[in-house]
Amino acid sequence: MSTSTNPSYAESRETTEGRVFTVTGGDWDSVVSGHDPINDERIVVNMGPQHPSTHGVLRLILELEGETVREARAVVGYLHTGIEKNIEYRNWVQGSTFVTRMDYLSPLFNETAYSLAVEKLLGITDEITERATTIRVLMMELNRISSHLVWIATTAMELGAVNVMLYGFREREYVLDIFEMITGLRMNMAYVRPGGVAQDVPDEAIVKIREFLKLLPKKLKEYEDMLSGQPIWTERTKNVAVLDVTGCVALGVTGPVLRSAGLAWDIRKTMPYCGYENYEFAVPTTETGDVWGRYLVRMAEMRESLKIVEQALDRLRPGPIMVADKKIAWPAQLAIGVDGMGNSLEHVAKIMGQSMESLIHHFKLVTEGFRVPPGQVYVGIESPRGELGVHAVSDGGTRPYRVHYREPSFVNLQALPAMAEGGLIADVIAGGASLDPVMGGCDR
């Protein structure tokens, strides 16, 4: 063995066999003085995929030094359903029944983005009726509120405020009751379809929505009274999991996380769709870029969504809810049978009583589906978690050639290591929750 310099811990001499070191004992105190056996020992902890605070089946691999996170890695894919691939084996309308199950907290956004992409491929964007477009806005904003209510409920629970969790889900139930009145289902409705929506909004649902508009502002005030001045809540959220606007842009982070860092980027304003340019609403922002700022932004967004819902109700004029082109329009007024399921006998008799050509056309439309001209499009909308984009490709057939989602939960999770590393393990919970990831959308 040969070295150019003598190490400080041993004397050496040259021999015919090479350099020989003479290692002797030293003072134990001086040997260990530069080493802290506790702080220098790093352990690896798996947080998830079963951990209740990982928002479903997210796995975080944390390398800890004491209670400080030195390295964080997110592992996704445990909830993979193959939805994007499955769509390739269904017709264009059936795709709605798949995409609605991706981000299961905001199914109406999944459906609307998909339908807008299909309509753009068909070239019928301007033919969508005013009532159908208004209903889409109405339903999406109610869905934004219900999604944010789940966020405030689960995040508060993870930081110890179980009462807010109970109240948040209580108010969400009110929204889901409205969805059930309109669509027949609480979640995964496949309500928004290419060409319009499946059913019209009944009068009793309008009454319930107006009741909700009066109820929720009082409840939001109660949440803030319980949280905003609470010492534990402020200690666990202020200056925790900070990500500034430069970091957000570099990582592609959008939605409330980006707006909490000060950038008022909201696709409803910057690249309007569904007539959002005709609605009056603000884009809430903060400058803190921390968990506290994300809390303030989402609370403010729920109030802005209430404004949009009220305007949508006022704009709801009588009219058709599906495009006029019968080669595209699925039956949109399906009368329910006396058992609450299936179609009524009157509706069946009406279809069967039409001409044979109409019956054949209806059968072909439902079983085979309509053809979509070849091409590819990208459509982005503002979901509760950020930019939800759809890249749809058609080869001219009755089934999608490819549908790929730009899912904000998946993209925003990139920010977790940047937010967590250097902080405490307890703050990983708060930081991860503040991203509001939904793993059904992330993995899809």
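Higher on the page you've got the structure.
Our subject in this report is the structure included herewith.

What counts, and where the lines are drawn
Residues numbered from 1 in each chain as written. Predicted model: local features only at pLDDT ≥ 70, side-chain atom pairs only at ≥ 80, totals over all residues. Heavy atoms only, no water. Axes fitted to C-alpha atoms, helices over the stretch in contact; angles between N-to-C directions. Helix = DSSP H or I, 4+ residues; strand = E, 2+ residues; numbered from the N terminus. Parallel < 35°, antiparallel > 145°, perpendicular 65-115°, else oblique. Left-handed = near helix turned anticlockwise from the far one by under 90°. Contact = heavy atoms within 4.5 Å. Nonpolar A, V, L, I, M, F, W, Y, C, P; charged D, E, K, R; others polar. Core = buried A, V, L, I, M, F, W, Y, C linked by side-chain atoms within 4.5 Å. Buried < 20%, exposed > 50% of the residue type's maximum accessible area, 1.4 Å probe, protein only. Pairing = 2+ DSSP bridges.

**Topic: the packing of helix H5 (residues 130–158) against helix H7 (residues 203–227)**
Stage number 1. Packing of H5 against H7 brings their axes to within 13 Å, and their N-to-C directions diverge by 25°. Taken together, the axes of H5 and H7 lie roughly parallel to each other. Crossing of H5 over H7 shows left-handed handedness. Contacts between H5 and H7 involve Leu 138, Leu 142, Ile 145, Leu 149 and Ile 152 from the former and Ile 209, Phe 212, Leu 216, Tyr 223 and Leu 227 from the latter.
Stage number 2. Broken down by class, the residue content of the contact of H5 with H7 amounts to 10 nonpolar, no polar and no charged.

**Considerations on the nonpolar core**
Stage number 1. Counting 114 residues, the largest nonpolar core has Leu 142, Tyr 191, Phe 212, Phe 370 and Ile 381 as the members making the most contacts within it.
Stage number 2. Here this core takes 12 residues from H5, the largest share from any one element.
Stage number 3. The contacts of Phe 212, once residues within four sequence positions are left out, are Leu 142, Ile 145, Glu 171, Tyr 174, Val 175, Ile 178, Pro 217 and Leu 306.

**A word on the side chain of Thr 134**
Stage number 1. Examined against the element boundaries, Thr 134 turns out to sit in helix H5.
Stage number 2. Of the residues examined, Thr 134 reaches a relative accessible area of 5% and is grouped as buried.
Stage number 3. Residues contacting Thr 134, with those up to four places away along its chain left out, are Tyr 279, Ala 312, Arg 315 and Leu 316.

**Observations concerning the pairing of strand E4 (residues 59–65)**
Stage number 1. In terms of residue burial, E4 counts as a mostly covered element, since 5 of its 7 residues are buried.
Stage number 2. Of the strand pairs in this sheet, strand E3 (residues 42–47) and E4 are connected by 6 bridges, and their pairing is antiparallel. Considered in E4, the bridge of Asn 46 is made with Ile 61.
Stage number 3. Summarising the sheet, E4 and strand E5 (residues 68–75) pair through 7 bridges and their orientation is antiparallel. Along E5, the bridge assignment pairs Glu 65 with Thr 68.
Stage number 4. Linking two consecutive strands that pair antiparallel, namely E4 and E5, is a turn of 2 residues; a positive phi of about 70° is found at Gly 66 within it.

**Section: the environment of Glu 222**
Stage number 1. Mapped onto the fold, Glu 222 is located in helix H7.
Stage number 2. Residue classification places Glu 222 among the partly exposed residues on the basis of a relative accessible area of 34%.
Stage number 3. Placed 55 residues apart in sequence, Glu 222 and Tyr 167 show a C-alpha to C-alpha distance of 9.4 Å.

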